Amino acid sequence: MNEELEKLEANAVAAIQAADSNSELQDVKVRFLGKKGEIGKQMATLKEMPHSQRKAFGKALNELKGRLINATEEKKKELEEKALKKKISAESLDITLPGFRFPTGRLHPLTRVWHEITDVFIAMGFDVVEGPEIETEWYNFEALNLHSEHPARDEQDSFYLGENRLLRTQTSPVQIRVMEKMGAPPVQIVAPGRVFRRDATDASHSPVFHQIEGLVVDKDITMGHLKATLEAFNKEIFGKDILSRFRPDYFPFTEPSCEVAISCIICGGEGCGLCKRTGWIEILGAGMVHPQVLKNAGFDPKKYSGFAFGIGIDRVAMLKYSIDDIRLLYENDMRFLKQF
Ligand SMILES: [Zn+2]
């Protein structure tokens, strides 16, 4: 084989080896083995060659062509195997990799306490109802014996949405709505929800907070029922050893009215910072439904009596979880919320 062919073979083999993809290999094939390729050009020289040389050169050329075809076939297989391996490794799962942990959601402390409180009352046979957050003056004030001269009706204290419409300042209007809707006793409901007041925000005040209203109306309902219900509630929420104290108070929509306190959850009654050395913590307001309120809702106060109570959900949450600033419940700081 002459030098020229040796050089051609070396170039062709190097080009085949260097091909890194099928399309590159195809280009090399065209360059050397194609119709107008290097081998073809050598074939064309055959007819000008002396007869004596032609046979040997032709043979050498054919052998070379065969070797180059084999080399490209081999290279093609190699490239295909390489591509397959690459595909397999890209698609394979590495089961030794640590798993990805999805962050789990959790309930806001207010929602947890809301559920806890309603669960206690559901277990005692109460229904849970909700009322509108936008109320009329009748439901929010007048039907509850809060007449226009009452200080609680000062416009400075309420968010008015125009004439005769306001964001409810308490959950008590639900009492009236429920009695109207039911038409006749027995009524045994709790109504949790948001309420709104124009309070400046500080550690113990927020313009939006949560209450749960309770109402029981039937024949012969007495203060004894009220006391038993709220004592049972206090023990369920704050613990078996908690004592309850009932003291006279005044609310326009109940008569008589009482303020309910629990024995201090920190000191048990000895006196500490939380209970301001009194041993007691005021927790809710309650009373026997005022006859006029029953009348306003269409119930006959001569036939029926009832008791009502209002509990601050935020206050219970703060006591239960030792939260000393109500603003923490509304700022949605994850560092705070993650603790629950
Ligand atoms: Zn105390």
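The rules we used
- Residues numbered from 1 in each chain as written.
- Predicted model: local features only at pLDDT ≥ 70, side-chain atom pairs only at ≥ 80, totals over all residues.
- Heavy atoms only, no water.
- Buried < 20%, exposed > 50% of the residue type's maximum accessible area, 1.4 Å probe, protein only.
- Helix = DSSP H or I, 4+ residues; strand = E, 2+ residues; numbered from the N terminus.
- Pairing = 2+ DSSP bridges.
- Polar contact = N/O pair within 3.5 Å; in protein donor to acceptor, adjacent residues only side chain to side chain.
- Contact = heavy atoms within 4.5 Å.
- Domains from an automatic or database assignment.

**Some remarks on the pairing of strand β8 (residues 280-289)**
Link 1 in the chain: Counting buried positions along β8 gives 8 out of 10 residues, so the element sits mostly inside the fold.
Link 2 in the chain: Alignment of strand β7 (residues 254-263) against β8, held across 8 bridges, turns out to be antiparallel. Pairing of Ala261 across the sheet is with Glu282, part of β8.
Link 3 in the chain: In this structure, β8 lies alongside strand β9 (residues 305-312), joined through 5 bridges in antiparallel fashion. In the strand pairing of β9, Gly287 is matched with Ala308.

**A word on the side chain of Ser257**
Link 1 in the chain: Locating Ser257 in the fold gives a position in strand β7.
Link 2 in the chain: When its relative accessible area of 6% is taken as the criterion, Ser257 is described as buried.
Link 3 in the chain: A polar side-chain atom of Ser257 sits 2.7 Å from a polar atom in the side chain of Thr254.
Link 4 in the chain: Ignoring any residue separated from it by four or fewer positions in sequence, one finds Ser257 in contact with Arg247, Pro248, Asp249, Tyr250, Phe251, Ala286 and Gly287.

**Quick look at the domain arrangement of the protein chain**
Link 1 in the chain: Considered domain by domain, the protein chain is made up of domain 1 (3-91) and domain 2 (109-337).
Link 2 in the chain: Taking only C-alpha atoms into account, the centre of domain 1 sits 93 Å from that of domain 2.

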